[in-house]
Amino acid sequence: MNERDRHAANLLGASALLVAGMVREAVTASVGAGGSLGEALIAIKDQPGRTADWLATVLQISQPGTAHLIRRLTEQGWVVRGSEGRARPLRLTPEGERVAAAALEARQAVVQRLVDRLTGEQREQLVAIAGALLGPEARSEETLARLCRLCDRATCGECPVYEGLRG
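Owing to the predicted nature of the structure, the values given are computational and were not obtained by experimental measurement.

Peer 1: How should the overall build of the protein be read in this particular structure?
Peer 2: Across its full length, the protein holds eight helices and two strands. Start at the N end of the protein and walk to the C end: the helices and strands fall as α-α-α-α-β-β-α-α-α-α. In terms of overall dimensions, the protein is globule-like: its C-alpha atoms have a radius of gyration of 17 Å, near the 15 Å expected for 167 residues. In terms of its C-alpha atoms, the protein occupies a principal-axis envelope of roughly 55 × 35 × 30 Å.

This is the structure we're talking about:
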């Protein structure tokens, strides 16, 4: 690897940390609590009716951690669990929908501020770069859900992750 490639990789890593930190901070402030609460709300909003096991896979947390998270979500009045056998699907309450929508808005605002720094040409390049990086990573539905767990999927008509999974 030459010096220019190392420099590009280093900048990509720093950019990823910048975006991740800003998004985490915005979602946490919006939800009013840290940890995985915001991510869980958005994931359940995106795919209602999934199980705790699915949520654990998407958020990459342990079964006890997931149980604790779901307990916190239900105590807040944001999530209800179905009674369909062991699967017990997760669904947002109306209040959970409101909080998840606010978290998505907070996330969008912070990433929009970053995108606003770019020229039109740079934005087009960013879309191409993101597609090249994300598309090949989508090897399963779980990976798709994990990569897009904080996305407003309605915004992304041509999602490179979904297209990567289909391809």
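Peer 1: So what exactly am I meant to see when it comes to empty space enclosed by the protein here?
Peer 2: A complete count under the given rule lists two cavities of 30 Å³ or more for this structure. Here the largest cavity defines a volume of roughly 60 Å³. Around the largest cavity, the lining residues are Arg-24, Val-27, Thr-28, Ala-33, Gly-34, Gly-35, Gly-38, Glu-39 and Leu-150. Residue composition of the lining of the largest cavity, by class: three nonpolar, four polar and two charged. Taken as a whole, the second largest cavity encloses approximately 30 Å³ of empty space. As for the second largest cavity, its lining consists of Ala-43, Asp-46, Gln-47, Trp-54, Val-58, Ala-145, Cys-148, Arg-149 and Arg-153. Of the residues contributing to the lining of the second largest cavity, the split by class is five nonpolar, one polar and three charged.

Peer 1: Even after reading the chapter, I still don't get the environment of Leu-126, so can you show me in this structure?
Peer 2: Counting through the fold element by element, Leu-126 comes out in helix 6 (residues 120-134). C-alpha separation for the pair Leu-126 and Val-115, spaced 11 residues apart in sequence, amounts to 9.0 Å.

Definitions and cut-offs
Counting restarts for each chain: residues are numbered from 1 in the order of the written sequence. The predicted nature of this model means local features are confined to residues of pLDDT at least 70 and side-chain atom pairs, given and counted, to a pLDDT of 80 or more, with totals for whole chains, interfaces and linings taken over all residues. The basis for every side-chain value is the complete set of heavy atoms in the structure, and neither hydrogens nor water enter the calculation. Comment: elements are numbered from the N terminus, with helices defined as DSSP H or I runs of at least four residues and strands as E runs of at least two. We compute the radius of gyration over the C-alpha atoms and compare it with the globule rule, which gives 2.2 Å times the number of residues raised to the power 0.38. Definitions used throughout: a 1 Å grid over protein atoms alone; a cavity as a set of points that fits a 1.4 Å probe which cannot get out; a pocket as an open set with protein on both sides within 12 Å along at least five of seven lines; a lining residue as one with an atom within 4 Å of a point. Grid points are joined across faces, edges and corners, and a volume is the space filled by probe spheres set on the points. By the convention adopted, Pro, Cys, Tyr, Trp, Phe, Met, Ile, Leu, Val and Ala count as nonpolar, Lys, Arg, Asp and Glu as charged, and the other residues, Gly among them, as polar.

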